[in-house]
Amino acid sequence: MVVTLKIDGKEVRAKEGMTILEAAKKVGIEIPTLCYHEGLEPYGVCRICSVEIERKGKVQVVAACCYPVEEGLNVVTNSPRINKLRKVILELAAASAGEGVSGKMRALASEYGANLSRFRPLLSDIEPTRCILCGLCVRRCVEANWDAAIGFIGRGVNRRIVIFPEKETLCLTCRYCRDVCPTGRACPSYGPNPPFPTVDDVIAGRA
Amino acid sequence: MLGSIKRVNSPEDLDKIAQEVKERETQYKAIISFCTSTGCVACGAKKVLEELRNEIKKRGLEKEIYIKETGCLGMCEGGPRLLIYPGEIPYFRIKPEDASEIVSSIVEGRVVEKLLYRDGATGEAYRTLHEIPFYKYQLRLLLANNAKIDARSIEDYIAVGGYKALAKALFQMTPEEIIEEVKKSNLRGRGGAGFPTGIKWETTRNAPGEPKYVIVNCDQGDPGAYMDRAVVEGNPHSVLEGLIIGAYAIGAKEGFVYIREEYPLATERMLIAIKQAEEYGLVGENIMGSGFSFKVTVYRGAGAFVSGESSALMTAIEGKVGEPRPKYIHTAVKGIWDKPSCLNNTKTWATIPLIILNGAEWFRNIGTEGSSGTMIFSLVGKVNNTGLVEVPMGITLRDLIFKIGGGISGGKKFKAVQTGGPSGGFIPEQYLDTPVDFDELTKLGSMMGSGGMVVMDEDSCMVDAARYFVDFLLGESCGKCIPCREGLRVLSRILNRICEGQGVEEDIQTIEEISEVMRDASLCALGRTAVNPVLTSLRYFGDEWIQHIREKRCPAKVCKNLISYYIDPNECQACLLCLRECPTGAIKGDKDQIHWIEQEKCIKCGTCYQICRFNAVKKLSGEPIPPPPIGMKPIRRGKEVR
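Residues numbered from 1 in each chain as written. Chains lettered and ligands numbered in written order. Predicted model: local features only at pLDDT ≥ 70, side-chain atom pairs only at ≥ 80, totals over all residues. Heavy atoms only, no water.

Draft legend 1. Region of interest: the packing of helix α18 (residues 462-476) of chain B against helix α23 (residues 542-549) of chain B. Residues and elements named next belong to chain B. The contact between α18 and α23 brings their axes to 8 Å, and the two run at 90°. Overall, the two elements α18 and α23 adopt an arrangement that is roughly perpendicular. Between α18, through M462, V463 and A466, and α23, the contact on the second element is made entirely by E544, W545 and H548. For the contact of α18 with α23, the per-class residue count stands at four nonpolar, one polar and one charged. (Axes fitted to C-alpha atoms, helices over the stretch in contact; angles between N-to-C directions. Helix = DSSP H or I, 4+ residues; strand = E, 2+ residues; numbered from the N terminus. Parallel < 35°, antiparallel > 145°, perpendicular 65-115°, else oblique. Contact = heavy atoms within 4.5 Å. Nonpolar A, V, L, I, M, F, W, Y, C, P; charged D, E, K, R; others polar.)

Draft legend 2. Summary view of the layout of surface pockets. Roughly 1,600 Å³ of internal volume is contained in the second largest pocket. In terms of lining, the second largest pocket is formed by 47 residues, of which the most central are P42 and Y43 of chain A together with R325, P326 and K480 of chain B. Residue assignment for the lining of the second largest pocket shows that the elements contributing at least two residues are α4 (136-145) and β6 (150-153) of chain A together with β9 (295-300) and α13 (310-317) of chain B. A total of four residues in the lining of the second largest pocket trace back to one element, the largest contributor, which is α4 of chain A. Of the residues contributing to the lining of the second largest pocket, the split by class is 23 nonpolar, nine polar and 15 charged. (1 Å grid on protein atoms, 1.4 Å probe; cavity = no way out; pocket = protein on both sides within 12 Å on 5 of 7 lines; lining within 4 Å. Points joined across faces, edges and corners; volume = space filled by probe spheres on them.)

Draft legend 3. Expanded view of the nonpolar core. If you look at the biggest cluster of nonpolar residues, it comprises 143 residues, and the most contacted ones within it are Y91, I102 and W545 of chain B. For I102 of chain B, the residues in contact, after removing those within four places along its chain, are L52, L82, I84, Y91, I94, V112 and L115 of chain B. (Core = buried A, V, L, I, M, F, W, Y, C linked by side-chain atoms within 4.5 Å. Buried < 20%, exposed > 50% of the residue type's maximum accessible area, 1.4 Å probe, protein only.)

Draft legend 4. Spatial organisation of the pattern of salt bridges. All told, the structure shown has 58 salt bridges over all chains when counted by the stated rule. As a salt-bridge pair, K58 of chain B and E55 of chain B come within 3.6 Å of each other at their nearest N and O atoms. Taken together, the residues K58 of chain B and E55 of chain B, both in helix α3 (residues 45-58) and three residues apart, mark about one turn of the helix. On the basis of relative accessibility, which here comes to 8%, the residue E55 of chain B falls in the buried class. In this structure, K347 of chain B engages D228 of chain B in a salt bridge whose closest nitrogen and oxygen atoms are separated by 2.8 Å. Residue K347 of chain B is found in helix α14 (residues 346-358), and its partner D228 of chain B is found in helix α10 (residues 227-234); the two are separated by 119 residues along the sequence. Take K347 of chain B and D228 of chain B: they sit in the same class, and that class is buried. Beyond isolated ion pairs, a larger network of salt bridges with shared partners links K87, E91 and R118 of chain A together with E513 of chain B. (Salt bridge = Lys/Arg side-chain N within 4 Å of Asp/Glu carboxyl O.)

Draft legend 5. Here's a closer look at the sheet that holds strand β3 (residues 50-55) of chain A. Residues and elements named next belong to chain A. On the basis of which strands lie adjacent, the open sheet formed by five strands has the order β2-β1-β5-β3-β4 and mixed pairing. Both edges of this open sheet fall to β2 (10-15) and β4 (58-63), since each of them pairs with a single strand only. For this sheet the average axis-to-axis angle between neighbouring strands, irrespective of direction, equals 35°. Of the strand pairs in this sheet, strand β1 (residues 2-7) and strand β5 (residues 74-76) are connected by two bridges, and their pairing is parallel. Bridge assignment links K6 to a residue of β5, and that residue is N74. Running over the sheet, helix α2 (residues 80-97) touches β3, β4 and β5 and is turned about 145° from β3. (Pairing = 2+ DSSP bridges.)

Draft legend 6. Summary view of the interface of chain B and chain A. Between chain B and chain A, the residue contacts involve 32 residues of the former and 34 residues of the latter. The largest per-residue losses of area from chain B upon contact with chain A belong to Y328, I482 and R493 of chain B, which jointly make up 24% of the total buried on that side. Summed over the shared surface of chain B and chain A, the number is five salt bridges. Its salt-bridge partner being D125 of chain A, residue R493 of chain B comes within 2.7 Å of it at the nearest N-O pair. When residues of the side of chain B that touches chain A are traced back to their parent elements, those giving at least two are α18, α19 (482-499) and α20 (506-521) of chain B. In terms of residue count, α19 of chain B provides more of the side of chain B that touches chain A than any other element does, ten residues in total. For the side of chain B that touches chain A, the per-class residue count stands at 15 nonpolar, seven polar and ten charged. (Buried area = accessible area lost by both parts, 1.4 Å probe.)

Draft legend 7. Seen up close, the pairing of strand β18 (residues 593-597) of chain B. Residue and element names in this part refer to chain B. Sheet topology note: the strand β17 (residues 587-590)/β18 ladder contains three bridges and is antiparallel. From the neighbouring strand, I587 faces β18, where its bridge partner is I597. Between the end of β17 and the start of β18, which pair antiparallel, lie two residues, with D592 showing a positive phi angle near 60°.

Draft legend 8. Quick look at the sheet that holds strand β3 (residues 82-85) of chain B. Residue and element names in this part refer to chain B. With mixed pairing, the four strands of this open sheet are ordered in space as β2-β1-β3-β4. A single partner strand is all that each edge strand has here, and the edge strands are β2 (65-70) and β4 (89-91). Averaged over neighbouring strand pairs, the angle between their axes works out to 20° when direction is ignored. By the bridge criterion, four bridges tie strand β1 (residues 30-35) to β3 in an arrangement that is antiparallel. Counterpart to I32 in the pairing with β3 is I84. α3 rests against β1, β2 and β3 of the sheet, and its axis sits at about 165° to β2.

Here is the structure:
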């Protein structure tokens, strides 16, 4: 089944089940993303891909990476509201990640005029992590190894990424995460830098 | 099982069971409905119950007086409490030593005056439940049977007409007719969002994929709210009956009851209910001989507030960490293991049997045009009568708080009411005449939520209240998406800074900016609604924020860093009480010597303020502290000391 929708005024025909992000890409409209990677299940947590949609006369903001296309949908990917939202999200992400991020996040920050130091003074007691917990490394790891060496631990602000000690050797040889990390936490040449703490160290409070 | 019926094989069997229960009950001279739900147990109900039982046994009255262990009877601050039938005589704040008096009074046919509820203002005592203003203005439908049934007895439930709706649904209605009836009733989800239940059911029924699931959401984690717990503790079969009817209508063969770990009594009673229903053939294979089969599993939550969010709850049932996922494709279509799953709140399910039995028309006539039926609120905070109240939708906040709640406790002034749990907004006095329903509360920037209602008086600081709820939600956010995790973290830092007197003018704009992003872009409703308390506090109590930021003053005198304690030398009786109790030795003075506080040493714990018998300790905010009365003449109140 094919549906017709409008993205930034352009008429787009897309297969049912496609997301707004995929449909936009088809017609050359780039929507920025951080936690999205082609070939991995959309995760929908960075919210940078937020776009405005008009549905039944109501305008709402949705994550383009997850929202399935619908007949007659009117999508706006670029508006003052959306741009401001992306700017603040980047600034919020940098509150704990710090200004020292590189890669895709740094590029997006300059594109949207985000001041990555904006909220840092409020969290000056927290060491910058250079990580926005987008989960790409974790998901990439599961897919590459069928058996993840890293995973999430903790809830809320205590959420972080840990390595399972028995898989450390596996981790040393793979390094797939460095290809997907949008912030440079997993460094393009060395992989995770510094290495992820082990799950035991985090539980014991050593890391 | 009490009588001739071992298994319900037809609707007529239900009538037979009901008849047997009624016959048994008429043998007793009196029936005591004794609340053993969590609230009353916390007040010491177990001990009272034991004494009552002993007393009855001692006097050999086991065949005369029968005790039912019931669920919540409402007005929880009056616990432990009971009702005596016939007469529906309500007793409050019962102590173990009252047991003998109660039993004597039943035998002698009189009333124990001292245990009756007395009106705080007029001193009038109420001899029956329905005269008490707290109950007079309520419409108790879901909670109606709480007093009449032992929560652990399926026979009691059947005796009040239980499982008749199920029989009607299975034998007289098609699944489509049931959905049509629920749609017509205009029942909206009681969990907070108010989504039309009938439409949700239809979506799940029509969604491709088998098997389909039905789920009861009893993972209520709001501070100060316990409606869902009370429904399950008091009348678990009503929830179960609703669930089975829903399963039949939707075409589900399996259901889950998700109860949070912190509700052990609710879990226990639900498990008993399911077991009894299985024994009677009301759950399991070939229910009542209708050919319809249905299995229920109780799933205990692992203690995360966010697991009450539907997609997080389903993820938890799948055995994963309870975190929400994007649900642009509704869980009704793709839920547990990507199968169509219909999740409803506990109260929604419990309402279903009423609608099926009495008809959609009856239900629509209760409440308002947009929100029909009743809603259970847990009315807590600074009101005289706290407890569970069930009222028709559309009642005004003023009636709820002042007529049912009996007004603000301690003669203080009303300041705000927070509806809908920790992510609900604060509603100020000028909107007290707003009718309570889904749409009206949303218009005010708050929400219905699942029915929490916290009343605040003039001693509450609205900046501090906003800070409290942001901190609560910060602790409960799963941390998956950036706007919620980082937004709450930054908001919390800013709000704490303001409460500490370090706020700056730009903070308000920053708060608004972050709030907008959280509301628009968060992954689930936790993040999207988390800013309601902050935004409504800003909207309705903006002055207080300005006073905190500009004048470094907390008008309600709550924010620790913005207040000082001061002993009024004209009131101080030099009694030494505060001086001895002060944990840091900040209070100076002596016998017959006016006390004063050394501000540098004071940690503002408030001990002196609370224990002073003469109201001599004052809280000051934003004003200079008068100098200590050093050199002041020693005093002995009443006569000057030379």
